[in-house]
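Summary of structural features
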Number of protein chains: 2
Amino acid sequence: MHSSLLDRLQARGYRLTAQRRVIAQVLEGENVHLTADEVLEKAQALLPEISRATVYSTLQRFSEMGEVRELSLDGRSKRYDPNVVPAHHHLVCDGCGAVFDVAHGIEAPALPTAERRGMMITSAEVVYRGTCAGCT
Amino acid sequence: MHSSLLDRLQARGYRLTAQRRVIAQVLEGENVHLTADEVLEKAQALLPEISRATVYSTLQRFSEMGEVRELSLDGRSKRYDPNVVPAHHHLVCDGCGAVFDVAHGIEAPALPTAERRGMMITSAEVVYRGTCAGCT
DNA sequence: CTTGCTGCAAAGCTTTTGCATTCCT
DNA sequence: AGGAATGCAAAAGCTTTGCAGCAAG
């Protein structure tokens, strides 16, 4: 089976702390993508003394490691997507900002070389938008 | 020819002020997409007494009118895209956050009904990412 | 032991808001 | 004249940072 996020943390020489264990657990237990504040809230339910700064820095660390994807889809908060692989697109509710995964298999169209402005393209994500049932 | 943004403002009953004229001018004069702060800076060069609050509320107004598109592509600032029509995608530099338009003609793949979670899809934008020359 | 991690609180940045004043129409 | 738009300054989110103490390896 796959090695867990925690195993990979350790393999890279990062320390394994109760806080990181809890944050990893919170992320993996969710099928929607949480904001940092929501991660804090759920983590505090499991480990009351965890701090906001730790949640933010840990999410940043996980993101730099490529273990979590940071999404900026509305002007409010970033959201954290624990499903880095396989690559997939997102469906966003313009009302509440909720983000849903779109099953993989859909491929974004390639960007013609003439349009690349000399950049090497590292990702191509499609963002679908609409309004969810709860937001009428 | 097309009616200008200012004509459309007036047609909808909005007042035509020096501030709005300057903001429209700043937006239309750019081929990259500016943040609110950059709009303020350029607007102040033309009309020194314009305030930050006015820039923000005007951009919000233009966006509600559908005259400008609000983009949230990184966790920093929103950017404002004056080219609402034709629809087009964007190329983002992960280093500096700069946003370039991708020529229209590229179509995002449709989202299968099974994946829509009951939502009516109102838009599908592709975001290409890479690192621009200046960000090495 | 050593160095990295945590918690706290303060600061930073972007954006919004309340209210008196100004000025389009 | 009348109501909308502006400017100012304060406040409100979200996120980052500095630093002393704690703990994983």
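Our structure's up above, just so we're on the same page.
This section reports on the structure supplied with the text. Owing to the predicted nature of the structure, the values given are computational and were not obtained by experimental measurement.

1. Some points on the overall build of chain A
On a plain count of helices and strands, chain A comes out with four helices and six strands. When the helices and strands of chain A are listed from N to C terminus, the series reads α-α-β-α-α-β-β-β-β-β. For chain A, the spread of C-alpha atoms along the principal axes amounts to about 50 × 40 × 30 Å. Counting the 136 residues in chain A, one finds 41% classified as buried. Considering only intrachain contacts with a sequence separation of at least 6, the fraction spanning at least 24 residues in chain A is 46%. Surface exposure of chain A reaches about 7500 Å², of which carbon and sulfur atoms provide 49%.

2. Details of the interface of chain A and chain B
Taken together, the contact between chain A and chain B spans 37 residues of the former and 37 residues of the latter. Both sides together, the interface formed by chain A and chain B hides about 2700 Å², and carbon and sulfur atoms give 62% of it. In terms of surface lost to chain B, no three residues of chain A exceed Pro109, Met119 and Tyr128 of chain A, which account for 21% of the buried area on that side. Along the contact surface separating chain A from chain B lie zero salt bridges. The tally of links between chain A and chain B comes to 12 residue pairs in polar contact (both at pLDDT 80 or more). Listed by contribution, the elements that provide at least two residues to the side of chain A that touches chain B are β4 (89–93), β5 (99–102) and β6 (121–130) of chain A. Of the residues forming the side of chain A that touches chain B, the biggest block, 10 residues, is contributed by β6 of chain A. Its residues placed into classes, the side of chain A that touches chain B shows 21 nonpolar, six polar and 10 charged. Looking at chain direction, β6 of chain A and strand β6 (residues 121–130) of chain B are connected through nine bridges and run antiparallel. Opposite Ile121 of chain A, over in β6 of chain B, you have Gly130 of chain B as the bridge partner.

3. A few points about the nonpolar core
Grouped together as the largest cluster of nonpolar side chains are 24 residues, with contacts concentrated most on Leu91 and Tyr128 of chain A together with Leu91 and Tyr128 of chain B. Breaking this core down by element, the ones donating at least two residues are β4, β5 and β6 of chain A together with β4 (89–93), β5 (99–102) and β6 of chain B. Look past the residues within four positions of Tyr128 of chain B in its chain and what remains in contact with it is Pro109, Ala110, Leu111, Ile121, Ser123 and Ala124 of chain A together with His89, His90, Leu91, Val92, Val102 and Ile106 of chain B.

4. Overview of the layout of surface pockets
Empty space within the largest pocket amounts to approximately 1200 Å³. Together, 47 residues line the largest pocket, and Ser72, Leu73 and Arg129 of chain A together with Ser72 and Leu73 of chain B are the ones closest to its centre. The set of elements that each furnish at least two residues to the lining of the largest pocket consists of β2 (69–71), β4 and β6 of chain A together with β2 (69–71), β4 and β6 of chain B. Examining the composition of the lining of the largest pocket, we find that six residues originate from one element, β6 of chain B, more than from any other. Classifying every residue of the lining of the largest pocket by side-chain character gives 16 nonpolar, 15 polar and 16 charged.

5. Structural notes on the pairing of β4 of chain B
All names here are of chain B. The buried count for β4 comes to five of five residues, which makes it a mostly enclosed element. Of the two faces of β4, the one lined by His89, Leu91 and Cys93 and the one lined by His90 and Val92 are each fully buried. Alignment of β4 against β5, held across four bridges, turns out to be antiparallel. Paired with Val92 across the two strands is Val99, which belongs to β5.

6. Considering the protein's contact with DNA strand C
Among the 21 residues in the neighbourhood of DNA strand C, the closest are listed as Arg15, Gln19, Glu49 and Thr54 of chain A together with Tyr56 of chain B. Backbone atoms, meaning sugar plus phosphate, form 76% of the atoms of DNA strand C positioned within 4 Å of the protein. In this structure, a sugar or linking oxygen belonging to DNA strand C sits 2.8 Å away from a side-chain N or O atom of Gln19 of chain A. The contact in question runs from a phosphate oxygen of DNA strand C to an N or O atom on the side chain of Tyr56 of chain B, over 2.7 Å. Of all the secondary structure elements, the ones that give two or more residues to the surface near DNA strand C are α2 (18–28) and α4 (52–65) of chain A together with α4 (52–65) of chain B. Top contributing element to the surface near DNA strand C by residue count: α4 of chain B, with four residues. Residues belonging to the surface near DNA strand C are distributed by class as follows: seven nonpolar, seven polar and seven charged.

About the thresholds
- Residues numbered from 1 in each chain as written.
- Chains lettered and ligands numbered in written order.
- Predicted model: local features only at pLDDT ≥ 70, side-chain atom pairs only at ≥ 80, totals over all residues.
- Heavy atoms only, no water.
- Helix = DSSP H or I, 4+ residues; strand = E, 2+ residues; numbered from the N terminus.
- Buried < 20%, exposed > 50% of the residue type's maximum accessible area, 1.4 Å probe, protein only.
- Contact = heavy atoms within 4.5 Å.
- Areas by Shrake-Rupley, 256 points an atom, 1.4 Å probe, with all protein chains shown as cover.
- Buried area = accessible area lost by both parts, 1.4 Å probe.
- Salt bridge = Lys/Arg side-chain N within 4 Å of Asp/Glu carboxyl O.
- Polar contact = N/O pair within 3.5 Å; in protein donor to acceptor, adjacent residues only side chain to side chain.
- Nonpolar A, V, L, I, M, F, W, Y, C, P; charged D, E, K, R; others polar.
- Pairing = 2+ DSSP bridges.
- Core = buried A, V, L, I, M, F, W, Y, C linked by side-chain atoms within 4.5 Å.
- 1 Å grid on protein atoms, 1.4 Å probe; cavity = no way out; pocket = protein on both sides within 12 Å on 5 of 7 lines; lining within 4 Å.
- Points joined across faces, edges and corners; volume = space filled by probe spheres on them.
- Near = heavy atom within 4 Å.

Geometry only, nothing functional implied.
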